[in-house]
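Per-entry structural report
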Amino acid sequence: MTVKELGKNARKTQTFLSLVTTEDKNRALLSIADALKKHSDDIIKANETDLENGKNNGLGAGLLDRLMLNEERIKGIADGVREVAALEDACGKVVYEYEKENGLKIQKITVPIGVIGIIFEARPNVTADAAALCLKSGNAVILRGGKEAINSNKAIAEIMRNAVEAAGFPKDVIQLVEDTSRQSSNDMMTMNEYLDCLIPRGGKGLIRAVVENSTVPVIETGSGNCHIFVDESADINMAAEIIFNAKTQRISVCNACESLVIHSGIIEKALPVIKARLEEKNTEIRGDERARAVCPDILPATEEDFYTEYLDYIISVKTVDSLDEAIEHINEHSTHHSEAIITQNKENADKFMQCIDSSSVYVNASTRFTDGNEFGLGAEIGISTQKLHARGPMGLAQLTSTKYLIFGNGQVR
């Protein structure tokens, strides 16, 4: 089936979706959750094929980790769908009311965006997360995953489609593009007559391609070159623990720390402690000249390193002489995802939070918390690094638009 045919099918579901109740949507979501758990063996079998193909094609450890599904991860996906069902419905909320002197009553309410396209890479959990969020927010979704996860995605999508049909919904509220060629992505980018919105989830190359080539409105979910700044007043042991968690707890995610910035006034004491902690996970450190003067066995960093999202056990180190220099360096090299400061100085913390131009800014905590579920949003559709429509972790509210309802009794202007 062509991408355009999928678009036509999705558009046909709009009237149905505009009339469903919250209870209807929750029933469909719980049906999905039960089905995913019931058919986990089928998903794992399909995933094993993808993992084998990935290894044969030279996928790195980070991508294989993103790709891998097991019983525990599938349970987590199903639990995430249940959590979405438990969330308050984002549609039908009155966000503005006004009554004119002539009796005309005006309301502004939240409504679904319509048909959402999602282009993503080797993360089959996105198939379920995105479908659940779109369904709860009253949107039809067309999912286009990467070739690395095609078998996993097909298994998950088919299970979800059968589950929503059993709950009384048209199957085509959830559709998967099975053609993983570049042409299918290109077709989605120009399918304005059927897609209301396009969301890319993946690496910098994918996101750039969609943003630069799409005529469909795009919500940009960015890659994560996330920074942690160790201020001169930092608690060194706290810094080492936070950095260890942010860098090594899961290397394949966009909220992992990739870049370390250290104040010159504390680097001689702090860097050896941080380095020893990171070496517990064999993390490669690439530093500037002053960092290497403190720890001569770390590798030299290039300017490109300071811009790089490694998605690997690698981290860069930049030495600065002031908070202002740290802020300037981070804003220049960041992807505007998540940044943190480790400090005991409240004024420095406040200035850092005000001046850093990223979607999530932390004081004395790991960047790994930038996640829709951690923020109380349920499973996320992505983390937006742009400033229009949505920024940061995107949950149900960010998958709605608004419209005005005007009630009259014969008024004319």
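Heads up: these notes are all about the structure in this document. (Residues numbered from 1 in each chain as written. Predicted model: local features only at pLDDT ≥ 70, side-chain atom pairs only at ≥ 80, totals over all residues. Heavy atoms only, no water.)

Brief notes about the nonpolar core
Judged by nonpolar contacts, the single largest core of 68 residues is most densely connected at Leu36 and Ile118. By residue number, the principal contributor to this core is helix H7 (residues 125–136), which donates 8 residues. When neighbours within four sequence positions are excluded, Ile118 is seen to be in contact with Ala130, Cys134, Val141, Ile142, Leu143, Arg144, Met188, Leu198, Ile199 and Ile381. Counting residues in each nonpolar core, the second largest holds 26 residues, with Ile243, Cys257, Ile274 and Ile315 among its members. (Core = buried A, V, L, I, M, F, W, Y, C linked by side-chain atoms within 4.5 Å. Buried < 20%, exposed > 50% of the residue type's maximum accessible area, 1.4 Å probe, protein only. Helix = DSSP H or I, 4+ residues; strand = E, 2+ residues; numbered from the N terminus. Contact = heavy atoms within 4.5 Å.)

Side note on the sheet that holds strand E4 (residues 140–144)
Pairing in this open sheet of 4 strands is parallel, and the strands run E5-E4-E3-E6 from one edge to the other. Each edge of the sheet is formed by a strand with only one pairing partner; in this case those strands are strand E5 (174–176) and strand E6 (197–201). On average, each strand axis in the sheet is inclined to that of its neighbour by 20 degrees, with strand direction left out of account. Inspection of the sheet shows strand E3 (residues 115–120) paired to E4 by 5 bridges, in the parallel sense. (Pairing = 2+ DSSP bridges. Axes fitted to C-alpha atoms, helices over the stretch in contact; angles between N-to-C directions.)

Remarks on the pattern of salt bridges
Inspection of every chain in the model, using the stated rule, returns 24 salt bridges. Lys171 serves as the salt-bridge partner of Glu165, at 4.0 Å between the closest nitrogen and oxygen. A relative accessible area of 43% means that Glu165 is categorised as partly exposed. Overall, the relative accessible area of 23% leaves Lys171 in the partly exposed class. Residue Asp321 is joined to Arg290 by a salt bridge in which the shortest nitrogen-to-oxygen separation is 2.7 Å. One end of the pair, Asp321, is in the loop between strand E11 (314–320) and helix H14 (323–333); the other, Arg290, is in helix H13 (residues 289–294), and 31 residues separate them in sequence. (Salt bridge = Lys/Arg side-chain N within 4 Å of Asp/Glu carboxyl O.)

With respect to helix H9 (residues 182–189)
Ser184, Ser185, Met188 and Met189 are the residues of H9 that are buried. Take H9 and look down its axis: the buried residues cluster within an arc of 140 degrees, on one side only. Turning to H9, the residues buried within the fold contact helix H1 (3–12), E3, E4, E6 and helix H10 (204–213). (Arc of directions from axis to C-beta.)

What to know about the packing of aromatic side chains
Tallied over the full model, the rule gives 2 aromatic pairs. Look at Phe16 and Phe169: their rings are 5.0 Å apart centre to centre, the planes differ by 70 degrees, and that puts the pair in the edge-to-face class. A residue pair is termed long-range when its members are at least 10 positions apart, and Phe16 in helix H2 (residues 14–19) and Phe169 in the loop between helix H8 (150–166) and E5 qualify at 153 residues. With relative accessibility at 3%, the residue Phe169 sits in the buried group. Ring centres of Phe229 and Phe352 lie 6.4 Å apart, and the angle between their planes is 20 degrees; this geometry places the pair in the stacked category. Residue Phe229 is located in strand E7 (residues 226–230), and its partner Phe352 is located in helix H15 (residues 346–355); the two are separated by 123 residues in the primary sequence. We note that Phe229, like Phe352, is buried. One residue, Arg277, lies across the ring of Phe244, its end atom 3.8 Å from the ring centre. (Phe/Tyr/Trp six-rings, centres within 6.5 Å; stacked < 30°, edge-to-face > 60°. Lys NZ or Arg CZ within 6 Å of the ring centre and 35° of its normal.)

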